[in-house]
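Examining the three-dimensional arrangement
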Amino acid sequence: MPEISVPDVPVPGIPVTPRIPAQNVPAITRDDPRYRSLTRRSRNTRFTGSPDRVHVPRTAEDVRRAVTAAVRGGSRLAVRGGGHGLEGLVDDPAVRTLIDLSELNDVTYDAGRRAFGMGAGALLGSVYRSLYLNWGVVVPGGTCPSVGLGGYVQGGGFGALCRRHGLIVDHLEAVEVVVADGPGEARTVVASRDPADPHHDLWWAHTGAGGGNFGVVTRYWFRSPEAETDAPQDLLPRPPETALFASAEWPWESLSERDFARLVLNHGEWHSREDGTDPAYESLYSALYLNQRAVGRITLGAQLDGSTPDARRQLDEYIAAVGNGVRAPCRVTRTEMPWLQATQRDVENRGELTRSKSKGAYLRRPYSVAETELLFRYLADRGYDGHTTVVLFSYGRKVNAVDSAATVVAQRDSVLKSYLGTYWTDPAEDERHIRRLREFYRELYAETGGVPVSDARTDGSYINYPDMDLADPRWNTSGVPWHALYFKGNYPRLQGVKAVWDPQDVFRHALSVRASD
């Protein structure tokens with residue numbers, strides 16, 4: 001197996017300590033049969049990296065050695081978790097060293113920290129299973145079981161339990177990070193939520209800035225801030241016993257423009273008028289999939305805590321409210337399953353449609369009549385053969401109970417989160433599909449320079465839907481910089497953290513935090 005040597009090169013001002021023998025820092029290179037699998041793990045097959053070496057560390061010390069070797073060798077590096085990155089931030093042609101965290105995947109209870117420790121390479125489905133079977137608890141994460149913790153947490157991920165329990169970063173107790181804050185050397189640091197911790201700012205920077213900014217996270221610890229006892233079963237939220245699902249489908253062949261508008265406006269009105277003090281819908285998670293006509297249908301998926309009294313009636317009333325006045329036929333299916341089984345479903349698998357372009361927005365107000373007309377014009381287009389979708393996710397409730405400066409996630413008063421994406425198969429068609437989605441997004445936010453600036457209607461975008469177009473003046477003519485769209489007023493503090501913990505800008509990509517403007 002090829003190996004990377006970490007030479008004992010003297011660096012001015014930094015004492016040299018004996019290096020670990022080279023054979024303890026293994027690397028996978030192009031002639032290794034594992035190389036192809038490790039460099040093609042991205043779900044978005046538009047992007048494929050070609051690094052010189054890939055490391056699959058088993059410990060934080062392995063990561064530290066690999067980072068040190070990359071820094072000393074001047075090798076641009078990137079980190080991969082679950083492989084769900086939507087842009088080419090990891091699979092960048094400039095990246096020469098890739099650190100794959102998939103083997104850092106344990107889930108344990110840490111009695112010393114009174115928190116649950118998890119390797120940054122653990123996948124959400126495995127995390128849910130281990131926490132549930134061993135302690136009966138959960139972190140409020142996403143609904144795709146193959147997403148890795150590493151980048152998901154750092155981006156301030158949301159999911160099915162966020163309206164009841166907040167974002168996953170609202171439960172983040174500490175992080176273990178390999179940083180490169182000195183020339184030619186890397187070290188491992190633990191930073192916690194405790195304001196008295198001298199590394200507290202480093203913890204804060206990992207609550208929504210996105211991956212690849214300050215170092216390599218090797219471990220997370222989670223404990224809810226409101227936990228009052230030291231018993232493991234009381235330190236994180238308890239999941240529902242069952243999840244009650246409903247799926248409503250309206251066929252495009254029967255859907256008029258009036259019907260389409262009714263669906264979008266009804267859905268938005270329900271969420272904008274929801275009584276946040278009424279516990280009946282605190283466990284609601286829903287997504288309205290406004291799919292391209294070529295997909296054949298528009299779908300509303302919704303779920304509630306199945307153990308909630310009258311859950312079936314409440315879910316039916318929600319579906320009825322969204323479909324009120326729609327003349328097209330609607331097919332509704334319902335199912336209830338144990339919560340753990342519900343977490344293991346991969347609801348976002350698009351089969352052969354593995355090439356994509358994505359964008360996002362936080363919505364303080366639902367889409368207007370004019371915006372709904374625009375959505376219909378693009379999505380009803382019979383001449384477009386790609387699979388574009390606009391997804392409107394339920395949001396708010398407990399998410400919005402947290403101060404906008406408490407974590408990096410500054411968007412704490414939105415009612416919906418919007419995702420725009422288009423999917424296709426043929427690499428030769430990349431430019432056509434990408435341009436169409438760009439034009440769609442630009443027209444949707446034409447009044448604010450083609451992007452969802454922070455105003456009465458929208459509140460920027462979500463870094464886990466990374467979009468390099470926001471940093472491109474051809475597509476962002478708002479005068480608002482990309483980082484303000486993602487981080488708002490929290491960006492200057494992020495810059496300060498960057499200057500302290502990554503002064504050489506070792507960890508960088510097209511949307512990474514810069515120490516200076």
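Predicted model only: the values in this text are computed from it and were never measured. (Residues numbered from 1 in each chain as written. Predicted model: local features only at pLDDT ≥ 70, side-chain atom pairs only at ≥ 80, totals over all residues. Heavy atoms only, no water.)

**A short note on the overall build of the protein chain**
Summing up its helical and strand segments, the protein chain has 13 helices and 15 strands in all. For the protein chain, the C-alpha radius of gyration of 23 Å lies close to 24 Å, the compact-globule estimate for 517 residues. Here the C-alpha coordinates of the protein chain stretch approximately 75 × 55 × 45 Å along the principal axes. Counting all 517 residues of the protein chain, 57% fall into the buried class. Pairs at least 24 apart in sequence give 73% of the contacts found in the protein chain among residues at least 6 apart. Carbon and sulfur atoms provide 50% of the accessible area of the protein chain, an area that totals close to 20200 Å². (Helix = DSSP H or I, 4+ residues; strand = E, 2+ residues; numbered from the N terminus. Rg over C-alpha atoms; globule rule 2.2 N^0.38 Å. Buried < 20%, exposed > 50% of the residue type's maximum accessible area, 1.4 Å probe, protein only. Contact = heavy atoms within 4.5 Å. Areas by Shrake-Rupley, 256 points an atom, 1.4 Å probe, with all protein chains shown as cover.)

**Side note on the sheet that holds strand β13 (residues 355-363)**
In spatial order, the strands read β12-β9-β11-β10-β14-β15-β13; together these 7 strands make up an open sheet with antiparallel pairing. What marks the edges here is a single partner per strand, and that holds for β12 (331-338) and β13. Geometrically, the sheet is characterised by an average inter-axis angle of 15 degrees between neighbouring strands, direction not taken into account. Bridge count between strand β10 (residues 285-291) and strand β11 (residues 297-305): 5 bridges; the pairing is antiparallel. The residue of β11 that forms the bridge with tyrosine 285 is glutamine 303. (Pairing = 2+ DSSP bridges. Axes fitted to C-alpha atoms, helices over the stretch in contact; angles between N-to-C directions.)

**Describing the sheet that holds strand β3 (residues 97-100)**
Strands sit in the order β1-β3-β2 across an open sheet of 3 strands; the sheet is parallel. Edge positions in the open sheet fall to β1 (53-55) and β2 (77-80), since each of these has one partner strand only. Each neighbouring strand pair of the sheet contributes to a mean axis angle of 25 degrees, computed without reference to strand direction. In this structure, β1 lies alongside β3, joined through 3 bridges in parallel fashion. Bridge assignment links valine 54 to a residue of β3, and that residue is leucine 98.

**Section: the side chain of glutamate 87**
Relative to the helices and strands, glutamate 87 is located in the loop between β2 and β3. Polar side-chain contacts of glutamate 87 include one of 3.1 Å to the backbone nitrogen of methionine 468. Setting aside anything within four residues of it in sequence, one finds glutamate 87 in contact with Phe47, Lys357, Pro466, Asp467 and Met468. (Polar contact = N/O pair within 3.5 Å; in protein donor to acceptor, adjacent residues only side chain to side chain.)

**Looking at the packing of aromatic side chains**
Applying the stated criterion across every chain, the model contains 25 aromatic pairs. Centre to centre, the rings of tryptophan 252 and phenylalanine 376 are 5.9 Å apart; their planes meet at 40 degrees, and the pair counts as tilted. Remark: phenylalanine 376 occurs in helix α10 (residues 369-379) and tryptophan 252 occurs in the loop between β9 (242-251) and α7 (257-273); sequence separation between them is 124 residues. With a relative accessible area of 2%, tryptophan 252 lands in the buried category. Its relative accessible area of 13% is what places phenylalanine 376 among the buried residues. With 6.1 Å between their ring centres and 70 degrees between their planes, tryptophan 482 and tyrosine 491 make a pair best called edge-to-face. (Phe/Tyr/Trp six-rings, centres within 6.5 Å; stacked < 30°, edge-to-face > 60°.)

**Brief notes about the nonpolar core**
Grouped together as the largest cluster of nonpolar side chains are 132 residues, with contacts concentrated most on Val67, Phe260, Leu290, Tyr367 and Leu494. Here this core gets 6 residues from one element, more than from any other, and that element is strand β6 (residues 172-182). One finds Tyr35, Leu38, Val56 and Leu98 within the second-largest nonpolar core, a separate group that totals 8 residues. (Core = buried A, V, L, I, M, F, W, Y, C linked by side-chain atoms within 4.5 Å.)

**What to know about the packing of α10 against helix α11 (residues 430-444)**
Axis separation between α10 and α11 bottoms out at 10 Å; the angle between their running directions is 165 degrees. One finds that α10 runs roughly antiparallel with respect to α11. In this structure, α10 crosses over α11, and the sense of that crossing is right-handed. The residues of α11 that touch α10, namely those facing Glu371, Leu374, Leu375, Arg377, Tyr378 and Leu379, are Arg436, Glu439, Phe440, Glu443 and Leu444. Its residues assigned to classes, the contact of α10 with α11 shows 6 nonpolar, no polar and 5 charged. (Parallel < 35°, antiparallel > 145°, perpendicular 65-115°, else oblique. Left-handed = near helix turned anticlockwise from the far one by under 90°. Nonpolar A, V, L, I, M, F, W, Y, C, P; charged D, E, K, R; others polar.)

**Some thoughts on helix α8 (residues 311-323)**
With 13 residues, α8 extends 18 Å between its outermost C-alpha atoms, agreeing within 8% with the 18 Å of an ideal straight helix rising 1.5 Å per residue. If you check which residues of α8 are buried, you get Ala311, Gln314, Leu315, Tyr318, Ile319, Val322 and Gly323. The arc enclosing the buried residues of α8, seen along the axis, measures out at 165 degrees, which places them on a common side. Those residues of α8 that are buried lie in contact with β9, α7, β10, β11 and β12. Downstream of α8 by a residue or two, glycine 325 has a phi angle that is positive, lying close to 85 degrees. (Expected span 1.5 Å × (residues − 1). Arc of directions from axis to C-beta.)

**Topic: the confidence of the model for the protein chain**
Low-pLDDT stretches of the model should not have their predicted coordinates read in fine detail. Averaged over all residues, the pLDDT of the protein chain is 93; the fraction at 70 or higher stands at 95%. Confidence over residues 1-23 falls short of pLDDT 50; this stretch has 44 contacts with residues more than four positions distant or in other chains. (pLDDT = per-residue confidence, 0-100.)

**Details of unusual backbone geometry**
Its identity is not glycine, yet lysine 488 carries a phi of approximately 55 degrees, on the positive side. Looking at where lysine 488 falls in the secondary structure, it is placed in the loop between α12 (482-487) and α13 (491-501). Take lysine 488: its relative accessible area is 23%, and that puts it in the partly exposed class. For aspartate 505, which is not glycine, the phi dihedral falls at a positive 55 degrees. Residue classification places aspartate 505 among the partly exposed positions, given a relative accessible area of 28%.

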